Structure formats: structure tokens, C-alpha cells
Amino acid sequence: MKNIMLLAFLAFSTSLMAQETTFVPSEHGFIKSDREDGRFISSRRIVHAMLKNTHPKYTFNPDMNLSEFKIWQTGLREAMKDIMCHPDIKGQPAPKLLKSEPREGYVLEKWEFYPLPECVSTFLVLIPENVKKTSPAVMCIPGSGGTKERLAGEPPLEPKFEEDYHNDKAAMALRYVEMGIIAVVVDNAAAGEASDLEKYTVGTSFHYDGTARYLLELGWSYLGYTSFLDMQVIDWMKQDKRIDKDRLIVSGFSLGTEPLMVLASLDPSIYAFVYNDFLCNTLERAVVMTEPDRNGIRPFPNTIRHLIPRFWNNFNFPDIVSAIAPRPLILTEGGLDRDLNLVRKAYEITGHPENLEIHHYPKFSDPKSRIDLKTLPEGINRDQYYDLVNVDRTSHYFKAITVIPWLTKLLQRDSK
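The rules behind these values
Residues numbered from 1 in each chain as written. Predicted model: local features only at pLDDT ≥ 70, side-chain atom pairs only at ≥ 80, totals over all residues. Heavy atoms only, no water. Axes fitted to C-alpha atoms, helices over the stretch in contact; angles between N-to-C directions. Helix = DSSP H or I, 4+ residues; strand = E, 2+ residues; numbered from the N terminus. Parallel < 35°, antiparallel > 145°, perpendicular 65-115°, else oblique. Left-handed = near helix turned anticlockwise from the far one by under 90°. Contact = heavy atoms within 4.5 Å. Nonpolar A, V, L, I, M, F, W, Y, C, P; charged D, E, K, R; others polar. Buried < 20%, exposed > 50% of the residue type's maximum accessible area, 1.4 Å probe, protein only. Polar contact = N/O pair within 3.5 Å; in protein donor to acceptor, adjacent residues only side chain to side chain. Pairing = 2+ DSSP bridges. Core = buried A, V, L, I, M, F, W, Y, C linked by side-chain atoms within 4.5 Å. Phe/Tyr/Trp six-rings, centres within 6.5 Å; stacked < 30°, edge-to-face > 60°. Lys NZ or Arg CZ within 6 Å of the ring centre and 35° of its normal. Expected span 1.5 Å × (residues − 1).

One can describe the packing of helix α7 (residues 222–239) onto helix α8 (residues 257–266) by two numbers: an axis separation of 9 Å at closest approach and a directional angle of 60 degrees. In terms of orientation, α7 lies oblique with respect to α8. Viewed along their axes, α7 and α8 form a crossing whose handedness is right-handed. The segment α7 lies against α8, with Leu 223, Thr 226, Ser 227, Asp 230, Met 231 and Ile 234 engaging Glu 258, Pro 259, Val 262, Leu 263 and Leu 266. In terms of residue class, the contact of α7 with α8 is made up of seven nonpolar, two polar and two charged.

Moving on to the side chain of Thr 226. Looking at where Thr 226 falls in the secondary structure, it is placed in helix α7. Overall, Thr 226 belongs to the buried group, its relative accessible area being 1%. Side-chain polar atoms of Thr 226 contact the backbone nitrogen of Ala 189, separated by 3.1 Å. Dropping the residues within four chain positions of it, Thr 226 is found in contact with Asn 188, Ala 189 and Pro 259.

Relative to the assigned elements, Val 138 resides in strand β4 (residues 135–141). Judged by its relative accessible area of 0%, Val 138 is buried. Dropping the residues within four chain positions of it, Val 138 is found in contact with Tyr 176, Ile 181, Ile 182, Ala 183, Val 184, Met 237, Ile 249 and Ser 251.

Strand pairing in a sheet relies on backbone hydrogen bonds, with the paired strands running either antiparallel or parallel. The strand order across the open sheet formed by nine strands is β1-β2-β3-β5-β4-β6-β7-β8-β9, and the pairing between neighbours is mixed. Pairing within the sheet leaves two strands with one partner each, and these edge strands are β1 (96–103) and β9 (356–358). Strand-to-strand, the axes of this sheet are offset by a mean angle of 15 degrees, without reference to chain direction. Here helix α5 (residues 172–179) sits on the sheet and contacts β2 (106–113), β3 (121–128), β4, β5 (182–186), β6 (243–253) and β7 (272–276); the angle it forms with β4, its principal contact strand, is near 170 degrees.

Attention now goes to the pairing of β3. Of all eight residues in β3, eight are buried; the element is thus mostly enclosed. Sheet topology places β2 next to β3; eight bridges connect them, and they run antiparallel. Looking across to β3, one finds that Glu 112 is bridged to Thr 122. Inspection of the sheet shows β3 paired to β5 by four bridges, in the antiparallel sense.

What follows covers the nonpolar core. A general feature of soluble globular proteins is that nonpolar side chains tend to end up buried together. Met 237, Leu 329 and Tyr 385 are the most contacted members of the largest nonpolar core, which totals 75 residues. Examining the composition of this core, we find that seven residues originate from one element, helix α3 (residues 66–84), more than from any other. With near-sequence residues (within four places) excluded, Leu 329 lies in contact with Phe 273, Tyr 275, Val 321, Ile 324, Val 343, Tyr 347, Asn 355, Leu 356, Glu 357 and Trp 406. Ranked by size, the runner-up nonpolar core spans 31 residues in total, among them Ala 152, Ala 171, Ala 183 and Trp 406.

Take the packing of aromatic side chains next. In total, this model carries 17 aromatic pairs according to the counting rule given. Plain terms: the ring middles of Phe 161 and Phe 206 are 5.4 Å apart, the flat faces sit at 75 degrees to each other, and that makes the pair edge-to-face. With Phe 161 in the loop between α4 (148–151) and α5 and Phe 206 in the loop between β5 and α6 (208–217), this residue pair connects regions lying 45 residues apart in the sequence. Both residues of the pair, Phe 161 and Phe 206, belong to the buried class. Here the guanidinium or amino end of Lys 169 rests over the ring plane of Tyr 397, the centre of that ring lying 4.4 Å away. Just above the ring of Tyr 271 sits the side chain of Arg 247; from NZ or CZ to the centre is 4.6 Å.

Between the first and last C-alpha of helix α12 (residues 337–349) there are 18 Å, a value that for 13 residues agrees with the 18 Å anticipated at 1.5 Å per step. Among the residues of α12, those classed as buried are Asp 337, Arg 338, Asp 339, Leu 340, Val 343, Ala 346, Tyr 347 and Ile 349. Next to the buried residues of α12 lie α3, α9 (282–288), α11 (317–322), β8 (329–331) and β9. Backbone geometry just after α12 places Gly 351 at a positive phi near 85 degrees.

See below:
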């Protein structure tokens, strides 16, 4: 009897193993229906079909004229204002200077401000020694895992945050100060000084997603909250007498390009923008990047801190960046020429193609080295996606080598 039971168990185990080995992830990447009516029973596949049928209201139309462009641009701005949910808070204390310390060639200030009754937040200001009476100023926004201290070349606030803070590829604010302009540096929400317990455990692997989740539960979003904080700093910059409020620049790296796009949409008075990342169509990314892992789980294109309710119903990244026109803009890490050409067209429509400069990753600087697709294939994995959109992940850093000459030339041009 025992032998019979053992044989039965072995047969069952072999059957399970055979079933497991029949699952090949790449064979399940492309999502299609097996039914004649094209419907799905899998909820994940149903939602995927809904994504494919989503058409953002403010998709940029390259065939519009200038009058139509301005109407579209205004509509996009109102939609962004609606979904970002920035509160109108009155009666908070004025920002306070905490310290001012000399550095080699500049002065470092630390400020705190009070955007919400529950909140105190901080930012750094780097002021060149030989700065003019009023100077252009650039807001520097870090990428994921970055801190304002790292961008300013300052020692980390906590031992666990120890980083190569003199790395030329990270110290964005120092590069701007060396130009002779003021740099204002912020933290992203839930990072650096605004993080929770990471200083005791994981360092700069910040747990953004817990904060993001509860913001969503409150009817807000991570991007809505962090861009609200940044907007308060922009308002402070406009009031500071050392800063030329007509020459405010926003420089975002990686994750920091998202609040950059919000600020660009909501505040048409901001002068110029440094977009240090590749430009992508995030809705398309969700549609095509569907190859499952070995457990049968299809990838999600990004973490919860990137989620904003109704975002894809209204626009996508290329639309928002196109709406920056005609204000000066540099994109430093390329993407698909298909998306970048939309931005070029926006600057042509508004009559200022000279205000746009686009660079690719060095690996893809030669057009012959780039993949030029109009539509990405469905059913791909994350690595395939990055390859198809011309991303060199080993070369993702602040591109001072292209940004500083561009901004220097721009400021010289517009000071005449």
C-alpha cells in the first residue's frame, strides 16, 4: 500500500513539474483574445484592452495652427491643475533662514518653509560670491534616491545617506553655481530629510511608495504633493530680491522631470527647463510591456509614486513637454525620434524652434545607431523596451557637458 501511495505521489509530482515547465513567459507576452467576439475573461487582460482604447483628451496634434495650439495649451494647463489637486493654504508662517555658511566660491544657505499646517520642509540655496545684484536662478530637483545635499555637493545628513557627493555627474547645483547663477535645491517628497526611517536601515533606497499609497487614499498623489511643495519654493524664489524672477529655470533629473512638467504646465512665467531623462510615452509603455515573469506576473511599468488618477485620460509626457513651447527647453537623453519630433513641431508652430535643443545618450548620438519606430511592438519585457526606445541605462546622469553650454548661451542671448 505504501508503495502504491508513493508511486501515486511521484506521478502527481511529475505531473506538476511537467505543467510548470510548459509555461514559457515569452509565449504569453502578446495579449489577445481566444474568443470570436474579442472579449476577455481575465481581468488583467480586460484592463489592458481598456488601456489600448484610451485616447488622452489633450494629445498634441502636430497639424494644429498657432491659435489652436494656444487653446490646447490652456486646456492642458487647466487639466493639470485639476488632477494635481494643489490646496490653497493661507496663513502659514513665512520661510525662515536657518543658516548661512561660506563655501569656496559661494555661500550656502539652508531655509525651511511651512506649506501645510502639518508640514515643515527645507531647501538649500547656493549663491555665487560674485553674483550680480539680481541673478537668474535654477531650481534643482533630484532623481530617485537622490538628495538635495548630493546635488549641492554637501556631506550627507545621515551616515546611512553616505554617497559620492562630489561626483560631477550628480552635483547639479554646483555646476550651475560655477556658471555664476543662484541654485536652489529641493528634496523630493519622502526622500532625504523628508524620509522616514531609512536613515536607520536602507539609506537612500527611500520607501516612496508608502507615502504615495496614503496620498492616493486621501484623493491626492505623490506627484501632486511633491509638485505642491516645489511650487511653494518657486513662489519664494519670485519674492527673493537676489533672484531675477523673469529668469527662473527648473532643472529636473530622472524622477525630478515629473514635478518639472507639472511646474511647467501650471506656471507659464517660468523661463526655461532642463529635462534630464529620456522622453517616453508612458501609456504606450504600459500597453506594450506585458511579457510576464516566470511566475506569470506581467510587469507594471512603474511604481505607485508615479500614479496619478486620470493622468492618461488627459495627456502623456510628450504632450506635456510639447506644451512647454515656446519657452527654452533642453532634453538631454533622447528617446524615440517619433516623440521628440512632436516637441520639435510644437516649437515650430509657436515660431521659436531655436528655443529647443535635443541630445541623445552618447551611445545613440549618431542617428544611424538609433531605432526609429512609429509604434512599439506589444508583448515585450522591460529590457526590450529600453533597447527599443534608445536608452543607455549605464549613462543616466546629469549631463552638465551639454546643459551648461546651452544655458550659458541662452542667458547671454536673452540678456541683450
